[in-house]
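Given next are the chains, with one letter for each unit.
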Amino acid sequence: ARAAVRAAEAAVAAEAVQPGTLVAAVVVAVHPLHAEVRLLSGGDGGEGSPYSGRQGRVHATEARDDDDGESGGDADKRGTKRSKKAPSSSSSSSSLPMPFAGLRPGDEIRAVVLGAAATPGGRAHGVLELSTRASLVAAAEREEREEAAAEASAAAAAGGQQQHHHHLPRASLRPRVALSSLAPGTRVRGFVQEVRPDGAWLALSPTARARLRALDAAADLESLRAFAESSGNAFLAAGSPVDATVLRVVRRADGGGVDVDLTTLPLSKSAAKDAAAGDLVLGFVKSLPTVATSNGNKNSSPAALGDGCVRVSFSPAPHAPVAVGRVSLCDLRDEWSADALAGLKVGTAVRCRVLEAAAANANGGGRKEARLSLRASDGGAVSPPASSSSAPLASLPASLRLPAPLAADADSSSLRVGDRVAGYVAAVGRPGAFVSLSRSLDGRVPLRDLSSGFVPEPAAAFPPGTLVIGRVAALVPGGKVQLTLRGGGVPPGEAEGDAAAAAGGPLGAAAALL
């Protein structure tokens, strides 16, 4: 019953709302995206005004004119009267000031009524949507003065006084932004509503918001990192104004509206949708190889366990939809590292070289992912730089010194039985451990050959990214390579002594198992 009464009261109050009415209000609370106010008067300005005592809200998109520049004198632009309890503070000098910079609870403001609040909660409580844009308030005040003078003259001539409820014509009010009305290339101003590692949501009106992907806002690696580590970043502070361009408007398949993507980068005239081999692209680490087991048979491939690659979400061309590429464990660094994945985590900002562009599968089963490289020699980079974990490798005994890396495109034809090789563990399961030896070559280590001793939990002992040294035990028809890690390719007694000496420190169990 109480809810019904409130709804009825809200409906009656809504009928009394005249969009364009100039009102006076006092600020109750200030939030990043809106200010809560209580109306003091409006219309005729008297105690009996239908607006007196009503709740109002000024959304960030209606706080200032879009062409407001330097923020000095912001209070004056809003017609703010300082409360004695709320002394003024210095304003920001940013070219795009925060929407409510300098506004304090207790300040008195003049605003123009836009209508009932558009949000369900606002409508239910009879909250009014207001605007404090200087141009709109000034227009309302000018019209108010002109009409007051005209009414005074008319009243004097008639020997009486007429009451007046002032409101601007609806045509003077800026329509709220509707996503469906936007088109690519439209310039908009939004206010940061929510920040995620891969981008931000910007409020364009009280009821409309659009997405700004990090990849559509960052021109370099450090800017991309700012999104991934958004805490303390002034550009990404809640309520911050951002000028952007509509990049694309996508209608939802279910007919439930549209999604809008924005960009702060210059629009590209290129229609390219895929990255070409040799391109440098920015992206985020999407996923890392994880410890996994498989119930597959002994001939299972790494793909059945997870191929041991790092997945990167990247923009293949300026403003193109996000694509996913893969980075082999052997293409993460130029030098050997005890742990190829050290310092990497999901969400890390990266710059990659495209080694092989995405392409359609020959068998028609979708598209092959692009192959990428994070090697510094290829122009790749990680922000912040990943730790190398390579210092302990320099102190390994001579008998355990790492063999030279295989060529990036090496295959099994470059190997001979007995060759010492090094690589990174990609996955471990019932068939054994799969080791990345090069960009395009994996070797399989049967579980019995992981160590001279018994390994009770192979997947835990050899997590993805672990550096191992072994010998080629067999070359299997079809280009497959079988490895053994027993002894690391040196006499067993010498290997055991050296491995024991090398154990401990960052290499830890990996060195003990070489």
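Residues numbered from 1 in each chain as written. Predicted model: local features only at pLDDT ≥ 70, side-chain atom pairs only at ≥ 80, totals over all residues. Heavy atoms only, no water.

Caption draft 1: Focus on the environment of Pro97. Note that Pro97 resides in the loop between α2 (74-77) and β4 (108-116). Looking at Pro97, the relative accessible area reads 5%, which means it is buried. The spacing of Pro97 and Pro241 is 144 residues in sequence and 7.3 Å in space, taken between C-alpha atoms. (Helix = DSSP H or I, 4+ residues; strand = E, 2+ residues; numbered from the N terminus. Buried < 20%, exposed > 50% of the residue type's maximum accessible area, 1.4 Å probe, protein only.)

Caption draft 2: Layout of the state of the cysteines. The tally for this structure, following the rule as stated, stands at zero disulfides. Free of any disulfide, Cys330 has its nearest cysteine sulfur in Cys309, 9.4 Å distant. For Cys330, a relative accessible area of 9% translates into the label buried. (Disulfide = S-S within 2.5 Å.)

Caption draft 3: Focus on the pattern of salt bridges. As enumerated under the stated definition, the model contains 19 salt bridges in all. With a shortest N-O distance of 2.8 Å, Glu129 and Arg57 are connected by a salt bridge. Highlighted residues: Glu129 in strand β5 (residues 128-131) and Arg57 in strand β3 (residues 55-59), separated in sequence by 72 residues. In terms of burial, Glu129 and Arg57 fall into one category: buried. Of the charged contacts in the structure, one is a salt bridge between Glu194 and Arg209, with a shortest N-O distance of 3.2 Å. Taken together, the positions of Glu194 in strand β6 (residues 187-196) and Arg209 in strand β8 (residues 208-213) put the pair 15 residues apart, joining distant regions of the chain. Take Glu194: its relative accessible area is 28%, and that puts it in the partly exposed class. Residue classification places Arg209 among the partly exposed positions, given a relative accessible area of 31%. Here the salt bridges share partners, and the residues they tie into one network are Arg211, Arg213, Asp216, Arg248 and Asp261. (Salt bridge = Lys/Arg side-chain N within 4 Å of Asp/Glu carboxyl O.)

Caption draft 4: Quick peek at the sheet that holds strand β7 (residues 199-205). The mixed closed barrel is built from five strands, whose spatial order is β6-β7-β8-β10-β9. The mean inter-strand angle of the sheet, taken between neighbouring strand axes irrespective of direction, is 50°. As defined by bridge partners, β6 adjoins strand β9 (residues 241-251) across five bridges and the pair is classed as antiparallel. Opposite Val188, over in β9, you have Ala244 as the bridge partner. (Pairing = 2+ DSSP bridges. Axes fitted to C-alpha atoms, helices over the stretch in contact; angles between N-to-C directions.)

Caption draft 5: Structural view of the sheet that holds strand β19 (residues 420-429). Strand order in the closed barrel formed by five strands is β19-β20-β21-β23-β22, with mixed pairing between adjacent strands. Each adjacent strand pair in this sheet contributes to an overall mean axis angle of 50°, direction not counted. For strand β20 (residues 432-438) and strand β21 (residues 441-445), the ladder comprises five bridges, and the chain directions are antiparallel. Bridge pairing in β21 links Ser436 to Asp442.

Caption draft 6: Quick look at the side chain of Asp331. Mapped onto the elements, Asp331 comes out in the loop between β13 (323-327) and β14 (349-356). For Asp331, a relative accessible area of 1% gives the class buried. A polar side-chain atom of Asp331 sits 2.7 Å from a polar atom in the side chain of Arg439. Those residues in contact with Asp331 that lie beyond four places of it in its chain are Leu355, Leu372, Ser373, Leu374, Arg375 and Arg439. (Polar contact = N/O pair within 3.5 Å; in protein donor to acceptor, adjacent residues only side chain to side chain. Contact = heavy atoms within 4.5 Å.)

Caption draft 7: Quick look at the confidence of the model for the protein chain. Averaged over the protein chain, the pLDDT score is 77; the fraction of residues at 70 or greater is 70%. Per-residue pLDDT stays below 50 along residues 70-76; that stretch engages in 15 contacts with residues further than four places along the chain or on separate chains. This stretch, residues 82-94, has a pLDDT under 50; its non-local contacts, to residues over four places away or in other chains, come to 20 contacts. (pLDDT = per-residue confidence, 0-100.)

Caption draft 8: Region of interest: unusual backbone geometry. A cis amide bond links Ser383 to the next residue, Pro384, at an omega of 0°. With respect to the secondary-structure elements, Pro384 resides in the loop between β18 (381-383) and β19.

Caption draft 9: Representation of the packing of aromatic side chains within the structure. Scanning the entire structure with this criterion turns up one aromatic pair. The ring of Trp201 has Arg209 lying over it, and the distance from NZ or CZ to the ring centre is 4.1 Å. (Phe/Tyr/Trp six-rings, centres within 6.5 Å; stacked < 30°, edge-to-face > 60°. Lys NZ or Arg CZ within 6 Å of the ring centre and 35° of its normal.)

Caption draft 10: Representation of the nonpolar core. Grouped together as the largest cluster of nonpolar side chains are 28 residues, with contacts concentrated most on Leu179, Leu182, Leu204, Leu224, Val260 and Leu262. At the level of elements, β6, β7, β8, α5 (221-228), β9, β10 (258-263) and β11 (280-287) are the ones that each hand at least two residues to this core. Apart from the residues lying within four places of it in its own chain, the contact partners of Leu224 are Ala214, Leu215, Ala218, Leu282, Gly283, Phe284, Ala349 and Val350. Judged by nonpolar contacts, the second largest core, of 26 residues, contains Val312, Val327, Val354 and Ala422. (Core = buried A, V, L, I, M, F, W, Y, C linked by side-chain atoms within 4.5 Å.)

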